[in-house]
Amino acid sequence: MPWVPRGLRDGILTTCWPCGGDDYFDGFDAAVTVRTDAPHGAPVAPAVTDAAAACPTAAISGQPRLQLDRGRCILCGRCVARAPDWFSWAPGCGTAELTRATLIVGQVGETDEALAAVRAALARRVRRLRRSVHIRHVDAGSDGSDEWEVYALTNPVYDVHRLGIFFTASPRHADILLATGIGTAGMTAPLRRTLDAMPSPKVVIAAGADAISGGLIGGGYTGDVGISELVDVDVWVPGAPASPFSLLHAILLALGRLPQDFKDTP
Ligand code: SF4
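These remarks concern the structure in this document. (Residues numbered from 1 in each chain as written. Predicted model: local features only at pLDDT ≥ 70, side-chain atom pairs only at ≥ 80, totals over all residues. Heavy atoms only, no water.)

On to the packing of aromatic side chains. One pass over the full model with this rule turns up 6 aromatic pairs. Seen in terms of ring centroids, W17 and F25 are 4.2 Å apart; in terms of plane orientation they differ by 15°. Their pairing is stacked. We classify W17 as buried; its relative accessible area is 5%. (Phe/Tyr/Trp six-rings, centres within 6.5 Å; stacked < 30°, edge-to-face > 60°. Buried < 20%, exposed > 50% of the residue type's maximum accessible area, 1.4 Å probe, protein only.)

Written out as structure tokens, the structure is:
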């Protein structure tokens, strides 16, 4: 039983987050952003035009103002390499948002009041979900990468069971629908049937750029909207794939269980 001495030697590996800090949560480059010291309002530089042309998912637009859509971004890093004065990695796994518009860096999106209203409405809806929450994960046409991150949530490092979060195979026992993938035609009916079979209150999380925008093949027959055309999405977590910490952030955001002093990824 070699795992016994190994376990004694390594000690506890399970993260403390969200009850305590975690360097990996804070330091992991889970998003790309427009630099705050970029010359906003100035004419877009040739380097930005070059970065936009190189972006494989058309996540960058320069007109009428510079915007970066995290819902489309697959984190390839080309924009950071080509226009480092304008784009940078944004450390931190707190990337989930309650509205699609909030994922677009540089867009004048919802006001703080509007976002607070969305958050309050969701909190009212989920208030009956207490300490034990069950998730039904549906692969609606993923490339498989999202699934590795979803399954990692139950490993000893993330161990979501310690937070009363469990996965279930039955939608009738599920509170949260966690959907990955682009929303293929073949998965349209199963996705909707799954949501219909879930008891209320229920929450839908779109996990990963594929589910949010179709990712690399957005604009094809799936359109640019991922699964949001098939079901109403409550929480959007970008990434390609979204990291386990970002998924956990999305789940706790949906449940209103983030620490009071938590700050999102810039
Ligand atoms: S990191 Fe994202 S925004 Fe930048 S080029 Fe790649 S996909 Fe586009």
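On we go.
Here the structure, examined in full by the defined rule, presents 5 salt bridges. With a closest N to O distance of 3.2 Å, R82 and D50 form a salt bridge. Here R82 is found in helix α4 (residues 78-82), whereas its partner D50 is found in helix α3 (residues 46-54), with 32 residues between them in sequence. R125 is paired through a salt bridge with D234; the nearest N and O atoms lie 2.5 Å apart. (Salt bridge = Lys/Arg side-chain N within 4 Å of Asp/Glu carboxyl O. Helix = DSSP H or I, 4+ residues; strand = E, 2+ residues; numbered from the N terminus.)

A few words now on the environment of V138. Tracing the chain through its elements places V138 in strand β6 (residues 133-139). Measuring from C-alpha to C-alpha, the distance between V138 and R78 comes to 30 Å, with 60 residues separating the pair along the chain. Those residues in contact with V138, other than ones at most four positions away along the chain, are L177, L178, A179, T180, M187, L191 and T194. (Contact = heavy atoms within 4.5 Å.)

Our focus in this paragraph is the sheet that holds strand β9 (residues 203-207). Strands sit in the order β7-β6-β8-β9-β10 across an open sheet of 5 strands; the sheet is parallel. Each end of this open sheet is capped by a strand with a single partner; those strands are β7 (165-167) and β10 (235-237). In this sheet, neighbouring strand axes are inclined to one another by 25° on average, regardless of whether the strands run parallel or antiparallel. Here 4 bridges tie strand β8 (residues 176-180) to β9, and the two strands are oriented parallel to one another. Paired with A179 across the bridge in β9 is A206. (Pairing = 2+ DSSP bridges. Axes fitted to C-alpha atoms, helices over the stretch in contact; angles between N-to-C directions.)

Next up on the list: the site of the ligand. Taken together, 13 residues lie around the ligand, and C55, C73, C76, G77 and C79 are the ones closest in. Considered class by class, the residues forming the shell around the ligand number 10 nonpolar, 2 polar and 1 charged. (Near = heavy atom within 4 Å. Nonpolar A, V, L, I, M, F, W, Y, C, P; charged D, E, K, R; others polar.)

No statement about biological role is implied by the geometric values presented.
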